[in-house]
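Structural overview for review
For reference, the chains in residue letters:
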Amino acid sequence: MLVFFHKLASPKHFYRLAGIWIPWLAVICAGFMLTGLYQGLLVAPPDYQQGESYRIMFIHVPAAWMSMFVYVVMAGAGAIGLIWHMKLAEIVAISSAPIGASFTFLALVTGSIWGKPMWGTWWVWDARLTSELILLFLYLGVIALYNAVDDKRTAARATSILALVGVVNIPIIHYSVEWWNTLHQGPTVTKFDTPSIDIRMLIPLLLMAVAFKLFYAVVVLMRSRCEVLQRERNTQWVRELTGDS
Amino acid sequence: MTLSEFLNMGGYGFYVWTSYGIALVVLVANIVAPMKMRRKLLADLARRERRARKKQ
């Protein structure tokens, strides 16, 4: 097992293995997503309060969950890179940032579009929305900082520290709906007692959540492969790889 | 349920389909960006390799 991880951490093996995993993960992801969309748009009943508009939830909630999940992965990988100087962890951390930013953007925009018919406004400065917006700025800050520093290893260290400091925002986002009571509704799924949601709505929601996780896995592997090639461009194995093509 | 009923989404069609449309754009952009990056990178590296061979 340890040998497996050691091998995986070497950029060359990672590049090869990721190339094998990507198509499989993509197919499984598509399967979950299509089933989730079918269940969510055609099988799940309308909401007794919100009618059909609640179907935005099937992308809004998975996107919002992923916006936080990707951030934690990014900060965790950044910490591993800082502590053990593991190149691959740095690469995963920085490859996660644009994906996380896009999920955060999606959560904010779909939330806004859902808010208009339900709350009567596109935006309020309540705690949930504001802290999610700060999350978007954290992602953009990480990307900008990484691109501003020429030496990529120094850049990775600086961005990892920024990402770690920003982790404080994650519990704020999560608990914001409990600490401050405003327009955003409270949690219905991640409660400790039984979720107060119809099973026919819960199933497509969970299917979409799994699909989004797999989607992130696919894209982070694709991006990391590019980053590996870029950083290892002067090594023998990359020269052999590109010389053939 | 007819198709037009489905598209109408009980009057919320605009909001629901705009959300799903933006989601589609975001997901496609996420897939396309690394594919483009990879194609460009491989082309650059192959060009460099050809140049290096000529010099030898």
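Definitions and limits used
- Residues numbered from 1 in each chain as written.
- Chains lettered and ligands numbered in written order.
- Predicted model: local features only at pLDDT ≥ 70, side-chain atom pairs only at ≥ 80, totals over all residues.
- Helix = DSSP H or I, 4+ residues; strand = E, 2+ residues; numbered from the N terminus.
- Rg over C-alpha atoms; globule rule 2.2 N^0.38 Å.
- Buried ≥ 20, exposed ≤ 12 C-beta atoms within 10 Å, placed from the backbone.
- Contact = placed C-beta atoms within 7 Å.
- Nonpolar A, V, L, I, M, F, W, Y, C, P; charged D, E, K, R; others polar.
- Axes fitted to C-alpha atoms, helices over the stretch in contact; angles between N-to-C directions.
- Parallel < 35°, antiparallel > 145°, perpendicular 65-115°, else oblique.
- Left-handed = near helix turned anticlockwise from the far one by under 90°.
- Expected span 1.5 Å × (residues − 1).
- Bend = angle between axes of the 7 residues up to and from the residue.

For the rest of this paragraph, the subject is the overall build of chain B. Across its full length, chain B carries two helices and zero strands. Relative to the 2.2 N^0.38 estimate, which gives 10 Å for 56 residues, the radius of gyration of chain B is 23 Å and therefore markedly larger than a compact globule would have. With the C-alpha coordinates of chain B rotated into their principal frame, the extents come out at 70 × 15 × 10 Å. Across the 56 residues that make up chain B, the buried fraction comes to 14%.

It is worth spelling out the interface of chain B and chain A at this point. Each side of the interface is counted separately: chain B has 22 residues, and chain A has 30 residues. Classifying every residue of the side of chain B that touches chain A gives 16 nonpolar, four polar and two charged.

On to the packing of helix α3 (residues 57-84) of chain A against helix α8 (residues 199-231) of chain A. Residue and element names in this part refer to chain A. At their nearest, the axes of α3 and α8 sit 9 Å apart, and the two run at 45 degrees to each other. Classified by the angle between their axes, α3 and α8 sit oblique to one another. For α3 against α8, the interelement crossing comes out right-handed. Each of Met57, Phe58, Ile59, Val61, Pro62, Ala63, Trp65, Met66 and Val70 in α3 lies in contact with α8, whose residues at this interface are Pro204, Leu205, Met208, Ala209, Phe212, Lys213 and Tyr216. Here the contact of α3 with α8 is composed, by residue class, of 15 nonpolar, no polar and one charged.

Before going further, it helps to spend a moment on the environment of A:Pro98. Looking at where A:Pro98 falls in the secondary structure, it is placed in helix α4 (residues 87-119). Sequence separation between A:Pro98 and A:Val218 is 120 residues, and the spatial gap between their C-alpha atoms is 14 Å.

The next subject is helix α2 (residues 11-43) of chain A. Residues and elements named next belong to chain A. The first and last C-alpha atoms of α2 sit 44 Å apart over 33 residues, in line with the 48 Å expected at 1.5 Å per residue. At Trp21, α2 shows its maximal bend, which comes to roughly 30 degrees, and the proline Pro23 appears one to four places after that position. If you check which residues of α2 are buried, you get Pro11, Phe14, Cys29, Gly36 and Gly40.

Attention now moves to the packing of α2(A) against α8(A). Residues and elements named next belong to chain A. The interhelical angle for the contact between α2 and α8, taken along N-to-C directions, is 155 degrees, at an axis separation of 7 Å. Considered as vectors, α2 and α8 are oriented roughly antiparallel to each other. Here the hand of the crossing between α2 and α8 comes out left-handed. Partitioned by chemical class, the residues of the contact of α2 with α8 number 26 nonpolar, six polar and two charged.

What follows is about unusual backbone geometry. A positive phi is found at A:His85, a non-glycine position, where the angle reads about 50 degrees. Tracing the backbone shows A:His85 in the loop between α3 and α4. Even without being glycine, B:Met9 reaches a positive phi, approximately 50 degrees. Locating B:Met9 in the fold gives a position in the loop between α1 (3-8) and α2 (13-55).

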